[in-house]
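In case you want the letters, here they are:
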Amino acid sequence: MTFPSLTVADGMVVRLRYEMRLDDGESLSDDGPETVTYLHGEGELLPGLEEALYGMRAGEEKEILLSPEQAYGEYDPDAFELAPLDEFPDDVELEIGMALELHDEEEDEVYEAYIAEINEDGILLDFNHPLAGETLRVQVQVLDVRPATAEEMDHGHVHDNGHVH
Ligand code: ZN
């Protein structure tokens, strides 16, 4: 079922085809455009991307230019931390560039970090996203827009693809 007259707004389920490129045109997806179905207004997309999609209809396409703040943030040269080796489990093979999820028990938050260096003193963690500081060009096409169900609104996410809980 499609609702051709509906536009992207809070509380709408949007099926979106997109391809992200660096400012110089290099594509960030090896396999071409990707498709995502998400609940608009819940912060599931990059902030600048979600903002730029308001009011678009099914079938519409555009290119959206995202500044670093609208995408993965400015690069912060101070966002590094040295973590002792014994904080990491023995059975995990650590590699430069590997993404780690770190759980801060005091704040009860999960942070993503990347391994910048491995040496005798420990592991240098980079809390910058790999795309921090990058301006991105996102080619988008809205494929479908429909109102979220009451249950989806209640859960704050989409129940497509057999994902129900
Ligand atoms: Zn759910």
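Per chain, residue numbering runs from 1 following the sequence as it is written. Per-residue local features of the predicted model are confined to residues with pLDDT of at least 70, and side-chain atom pairs are confined, for both listing and counting, to 80 or more; whole-chain, interface and lining totals are unaffected and use all residues. Just so you know, side-chain values use all the structure's heavy atoms and leave hydrogens and water out.

Asker: Teacher, can you tell me more about the overall build of the protein chain here?
Answerer: The secondary structure listing takes helices from DSSP runs of H or I that are at least 4 residues long and strands from runs of E that are at least 2 residues long, numbered from the N terminus. Looking only at helices and strands, the protein chain has two helices and eight strands in total. Seen in sequence order, the protein chain has helices and strands lined up from the N terminus as β-β-α-β-β-β-β-β-β-α. Dimensions of the protein chain, computed from C-alpha atoms along their principal axes, come out at roughly 60 × 40 × 25 Å. Accessible area is worked out with a 1.4 Å probe on protein chains only. A residue is then buried under 20% of its type maximum, exposed over 50%, and partly exposed in between. Of all 165 residues assigned to the protein chain, the portion counted as buried reaches 32%. The contact criterion used throughout is that any non-hydrogen atoms of two residues lie within 4.5 Å. At a minimum sequence separation of 6, the contacts of the protein chain that also span at least 24 residues come to 64%. In short, Shrake-Rupley with a 1.4 Å probe defines the accessible areas, and a residue's cover is counted only from the protein chains shown. In the form shown here, the protein chain has an accessible surface area of approximately 10300 Å², with 45% of it arising from carbon and sulfur atoms. Counting 7 positive and 44 negative side-chain charges, the protein chain places the averaged centre of each group 22 Å from the other. His is not counted, nor are the chain ends, whereas Lys and Arg count as positive and Asp and Glu as negative. By convention, charge coordinates are those of NZ in Lys, CZ in Arg, CG in Asp, or CD in Glu.

Asker: Where do I start with the coordination of the zinc ion in this structure?
Answerer: Each pair of donors in an ideal four-coordinate tetrahedral metal site encloses 109.5 degrees, whereas pairs in an ideal six-coordinate octahedral site enclose 90 or 180 degrees. Every protein donor of the zinc ion is accounted for by His155 (ND1), His157 (NE2) and His159 (NE2), and the metal-donor separations fall at 2.1 to 2.2 Å. The donor set comprises N, O and S atoms within 2.8 Å of the metal, extended to 3.2 Å for Na, K and Ca; water molecules are omitted, so apparent gaps in a site may simply reflect that omission. Positions of the donor residues of the zinc ion, expressed as sequence spacing, correspond to H-x1-H-x1-H.

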